[in-house]
Each structure stands twice: as structure tokens, then as C-alpha cells.
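Observations on the three-dimensional arrangement
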Amino acid sequence: MTTEQDVARHYSHGALERTILDALRSSGKDIDKLQPSDLSAADEFHLGWKAATAELANDLALSPGMRLLDIGSGIGGPARYFAEQHDANVVGVDLTEEFVAVANALTARCGLSDRASFVPASALSLPFKDGAFDRATLIHVGMNIADKAGAIREVHRVLRQDGIFAVYDIMRMGDGELSYPMPWAETNATSFVETPDTYRRLLKDAGFVIEAERNRREMALELNRKMREDIAKNGPSPLGMHIVMGPAAGVRMGNLMTALSAGTIAPIQMLARKR
Ligand SMILES: C[S@@+](CC[C@H](N)C(=O)[O-])C[C@H]1O[C@@H](n2cnc3c(N)ncnc32)[C@H](O)[C@@H]1O
């Protein structure tokens, strides 16, 4: 089995759409009149959740009609946010075919299919022409990609001149073993966490100029603390990241938050412009 097949298997659920719809019904939502925000407890698969997506969208200076490629789009939370809140025309690509199908189905239920659609593809071989996009995002995906240089070259190819690429990945900040499972990998066989220095070098080598960088560690720790307080007070809600991450969600999030608290890793956003 290739690394990409292993990664897709890691994320595949088997009955994800039905499970999400059942959880929405249990939360009292009308699944035939969904709002994108109804899904945000489960469809933002990264640290800082929807708040981080909103900040990233502002940093990208999105405007109506912009063509945005979201690479590793998961079940589509960030893409729907960019489409609904900023009127961007979004295409998402993802290795995990079940995620692509669920992303399209949920987007249709939200009435956003004219502005956001999803296709199965690898970051290493994007099925688009040169210069096809104004913006590109890679949100908590690089940890699954060994050949980051190849992925970054592909993004550079499909962006127009002066287009902006936002990377928001978990990066290595200090020494120390990572404990698995993590949300993105069962073992270190499919985990390729790299330092900000490595990302900076690869972005520059591909022809990008890095214009801004943000560390979202404090935001992620604070939001996680609030979420735990909320669960302790009100109990777990039917719709949450446990649906997408499965029964090991608690262990995976525990290992992630331990490494984040220890300063071994951090969620870093870089904005890079194609020159
Ligand atoms: C942690 S999830 C993040 C999903 C989404 N970006 C979000 O923030 O909600 C990582 C996603 O990256 C996808 N992925 C991993 N490696 C990939 C690759 N080489 N090409 C395309 N997608 C990939 C996985 O299938 C998964 O959906």
C-alpha cells in the first residue's frame, strides 16, 4: 500500500454522511435547510477551528468571485466558509474519496454548490491548468505529505502570478518524540511534521515570497480549554470532531494537545505570494 492509500484509509469512515446527518437531527437541525454554521462543530478539522478559518480568510484578502483552491479540503468546512462569507469560487481537492463525496453532499444541503465543489485528487498532481487560481490554501494537510517540495511546486504552478498561497499546518517547534495516534496519523509511518524553517526554504525554492507568518498556539490552547469547559458543563454535543475522528478521537486530541502544550509542535500559518 502506498503512503497516499494509507492516508486515505486513515481518514475513511465508511458511513460518515449518515452519521453526520443523524447527529444534526439529534441536535434539532433541519437537514433539508442547513446553514454552513450548523456544521462547524464537525467540519473544521484543524486547530483553532472556525475562528482560525475566519482569520485565514481575512488574511487572504478574499473578494467576490476569486478562484480559490483548497488542497486537502476534508469534508469542506473551510471551503464553505470561503464561499458563503466571502463569495469566493472554491474548488476543494482531497485524497479521501469519502470526504469528497460528503463535502459535495453537505455543500448541496447548504445551497452552496454553485460556489464550492470538491474533486478527488492528490496535492502532488493537481488536475488544473497553470495559473487557474487566485488563492490556494493547505490547512492541516502537510503533516501527511512527505514530498512537500513537490506539493508546493504544484501549488505554485496552478496559482496565477501574484496569487497567494496560505499554508496552515502543524509544524515542529522543539525536540521530543510525538506520541501516536495523532488526529492526522495512526503512527509515524504517515506523519511528516516539519519545522517552519523547512517550509520557508521550500516555499522560497519554489518561487514564493513569504509575506506573513502567524503562530496560532495560544488561540488553539484557549479554544480547546473553552471547549473542554463547555463539555464538562453541558456534556458532549451530538455533533463534534469525534464524528470525523472516530472512537479514538479523545486519545488523538489528547496526544495533540500534550505536544502543543509542551511546545514540541504548533499550528503555524504562512502567507506566500507567487513571484
Ligand atoms: C486534518 S484533515 C484537514 C481537512 C481540512 N483542510 C480542514 O481543515 O477541515 C487533512 C486532510 O488532508 C487530506 N490529505 C492528506 N494528504 C493529502 C494529499 N497528498 N493530497 C490531497 N489531500 C490530502 C486528507 O484526506 C484529509 O482530508
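So, a few notes on the structure that sits alongside this text. (Residues numbered from 1 in each chain as written. Predicted model: local features only at pLDDT ≥ 70, side-chain atom pairs only at ≥ 80, totals over all residues. Heavy atoms only, no water.)

1. Overview of the side chain of Thr137
Summarising the element assignment, Thr137 is placed in strand 4 (residues 133–139). Polar contacts involving the side chain of Thr137 include one to the side chain of Asp70, which spans 2.7 Å. In this view, Thr137 contacts Leu56, Leu60, Leu68, Leu69, Asp70, Ile71, Phe82, Phe165 and Ala166; residues no more than four positions away in its chain are not counted. (Helix = DSSP H or I, 4+ residues; strand = E, 2+ residues; numbered from the N terminus. Polar contact = N/O pair within 3.5 Å; in protein donor to acceptor, adjacent residues only side chain to side chain. Contact = heavy atoms within 4.5 Å.)

2. Some thoughts on helix 2 (residues 16–26)
When helix 2 is considered as a whole, its buried residues turn out to be Leu16, Ile20, Leu21, Ala23 and Leu24. Angular distribution of buried residues about the axis of helix 2 spans 160°; they occupy a single face of the element. In helix 2, the exposed positions that point more than 90 degrees away from the buried face belong to Arg18 and Ser26. Buried residues along helix 2 sit against helix 5 (97–109) and helix 9 (241–245). Just downstream of helix 2 lies Gly28, where phi reads positive at about 85°. (Buried < 20%, exposed > 50% of the residue type's maximum accessible area, 1.4 Å probe, protein only. Arc of directions from axis to C-beta.)

3. Quick look at the nonpolar core
Of all hydrophobic cores here, the largest spans 93 residues; its most connected members are Ile20, Phe82 and Phe165. In terms of residues, this core owes the most to one element, strand 5 (residues 159–172), which gives 8 residues. Sequence-distant contacts of Phe82, that is, excluding residues within four places in its chain, are made with Thr53, Leu56, Ala57, Leu62, Leu68, Asp87, Ala88, Val90, Thr137 and Ile139. (Core = buried A, V, L, I, M, F, W, Y, C linked by side-chain atoms within 4.5 Å.)

4. Things to note about the site of the ligand
In the region of the ligand, 23 residues are neighbours, and Phe45, His46, Gly72, Asp94 and Thr96 sit closest. The separation between an oxygen atom of the ligand and a polar side-chain atom of His46 is 2.6 Å. Within the contact set of the ligand, an oxygen atom lies 2.6 Å away from a side-chain nitrogen or oxygen of Thr96. Tallying contributions element by element places helix 1 (residues 3–11) first for the shell around the ligand, with 3 residues. (Near = heavy atom within 4 Å.)

It is worth stressing that arrangement in space is one thing and function is another; only the former is reported here.
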